[in-house]
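Remarks on the overall topology
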Amino acid sequence: MTPERAEEIAVRIRADYAISMGAKEAIKQAILLACSEQREIDANICEEHYTIEGIAQRCAAAIRMGK
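A closer look at the environment of Tyr-17
- Along the chain, Tyr-17 falls in helix 1 (residues 3-18).
- When the C-alpha positions of Tyr-17 and Ile-31 are compared, they lie 14 Å apart, and in sequence the two are 14 residues distant.
- Residues within four places of Tyr-17 in sequence aside, it is in contact with Gly-22, Ala-23 and Ala-26.

This is how it looks when you write it as C-alpha cells:
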C-alpha cells in the first residue's frame, strides 16, 4: 500500500466515523477494504510471475479468496 492510499483510507475512516458509523465499524470496514485491495495486488503479482500454467491461476485464486 502506498502512503497516498493509506491517507485516502484514513480520510475515509474519518468521514465514515463522522456520519456516526462508529469508530469500530469505520476502522473495520477500512481494514477489510485495504486487505481486499492488497489481495488483488498479490494475486496479480502471482499471475504475472509464476510461469507454470495452472499453478499461477490456483495461487491467484487462493489469494483472492483470502486463504
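Having seen the model, we can carry on.
Some points on the state of the cysteines
- As enumerated under the stated definition, the model contains one disulfide in all.
- The disulfide that involves Cys-46 links it to Cys-59, with 2.5 Å between the sulfurs. On the criterion of sequence distance, the pair formed by Cys-46 in helix 2 (residues 23-49) and Cys-59 in helix 3 (residues 55-64) is long-range, its members being 13 residues apart.
- For Cys-59, a relative accessible area of 24% puts it in the partly exposed group.
- Sulfur of Cys-35: no disulfide; nearest cysteine sulfur belongs to Cys-59 and is 17 Å away.

Reading the values: rules and limits
- Residues numbered from 1 in each chain as written.
- Predicted model: local features only at pLDDT ≥ 70, side-chain atom pairs only at ≥ 80, totals over all residues.
- Heavy atoms only, no water.
- Helix = DSSP H or I, 4+ residues; strand = E, 2+ residues; numbered from the N terminus.
- Contact = heavy atoms within 4.5 Å.
- Disulfide = S-S within 2.5 Å.
- Buried < 20%, exposed > 50% of the residue type's maximum accessible area, 1.4 Å probe, protein only.

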